[in-house]
Amino acid sequence: MPYQFEDLKKHCPTEWRDYIEHSFVRQLGNASLAAEAFQHYLKQDYLFLIQFARAFALAAYKSPTLSDLRQAKDGLQAILDTELDLHIQYCNEWGISEDELANLPEARATLAYTRYVLDTGNRGDLLDLHVALSPCIVGYGEIANWLNDRADTIRGEANPYDAWISMYESDEFQDAMQAEIRWLDERLADVSPARFEQLTRIFRDATRLEIDFWDMGLNLSD
Ligand SMILES: Cc1ncc(CO)c(N)n1
């Protein structure tokens, strides 16, 4: 049986569930999340996105084919030309100015997660890097879908976090998530059991660091 993306999740079911169904996510869905927690998260996510852009630049450098190179460039372009602007605008609506964003100190959880991804890509190849990035890309899409399936999720104006859910349930994000899964399914089909074992370690670590990122938001830790 060739390996698939789904097998990475099956190797760390507890961690994956703790990430997708985290208290931060539940509270965001039922509108009970403290505004301070969300603002703290938004600020750190701005710093996260900058490092995320660097990870796509690294993916370009690590691309053996023209097609991979173009894919990395598209990812980098989407973050720089669209996502960061949207994020800045969104932060503004939550009372966080561009000036404040420009002068933020990085929380330890942000440092740990983003530098882990970059180091994994530096040491390894494009597949290692994509596996390290996949909990971000696939996880947030899955979180939006999980929230939508829950009876106690509040949508619309009654939930101040509605726009956040909308962003990750958008066709644009869901398409990017599906493209990432297809890319990984193709590459994983050819790997040996020993190589798959290595990749599961990367996937589990990145997922644990996503959990820490939610914890950082809830606990306002720096
Ligand atoms: C921490 C984190 N993970 C994933 C995403 C989705 O891109 C994000 N914006 N932030």
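We now turn to the structure provided with this report. These figures come from a predicted structure and were not determined experimentally.

## A word on the packing of helix 8 (residues 126-149) against helix 11 (residues 193-219)
Here comes step 1: Where helix 8 meets helix 11, the closest approach of the two axes is 9 Å, and the angle between their N-to-C directions is 40°. Here helix 11 runs oblique to helix 8, going by the angle between their axes. Here helix 8 runs over helix 11; the crossing is right-handed. Residues Asp-128, Val-131, Ala-132, Ser-134, Pro-135 and Gly-139 of helix 8 pack against Leu-199, Ile-202, Phe-203, Ala-206, Thr-207 and Glu-210 of helix 11.
Here comes step 2: Residues belonging to the contact of helix 8 with helix 11 are distributed by class as follows: seven nonpolar, three polar and two charged.

## Quick look at the environment of His-40
Here comes step 1: Turning to its location among the elements, His-40 is positioned in helix 4 (residues 35-61).
Here comes step 2: Residues His-40 and Met-216, 176 residues apart in the sequence, show an inter-C-alpha distance of 8.3 Å.
Here comes step 3: In contact with His-40, other than residues within four places in its own chain, are Gly-217 and Leu-220.

## Considering the site of the ligand
Here comes step 1: The immediate surroundings of the ligand are formed by Asp-45, Phe-48, Cys-136, Tyr-140, Glu-210 and Phe-213.
Here comes step 2: Elements supplying a minimum of two residues to the shell around the ligand: helix 4, helix 8 and helix 11.
Here comes step 3: Its residues placed into classes, the shell around the ligand shows four nonpolar, no polar and two charged.

Conventions used here
Residues numbered from 1 in each chain as written. Predicted model: local features only at pLDDT ≥ 70, side-chain atom pairs only at ≥ 80, totals over all residues. Axes fitted to C-alpha atoms, helices over the stretch in contact; angles between N-to-C directions. Helix = DSSP H or I, 4+ residues; strand = E, 2+ residues; numbered from the N terminus. Parallel < 35°, antiparallel > 145°, perpendicular 65-115°, else oblique. Left-handed = near helix turned anticlockwise from the far one by under 90°. Contact = placed C-beta atoms within 7 Å. Nonpolar A, V, L, I, M, F, W, Y, C, P; charged D, E, K, R; others polar. Near = placed C-beta within 6 Å.

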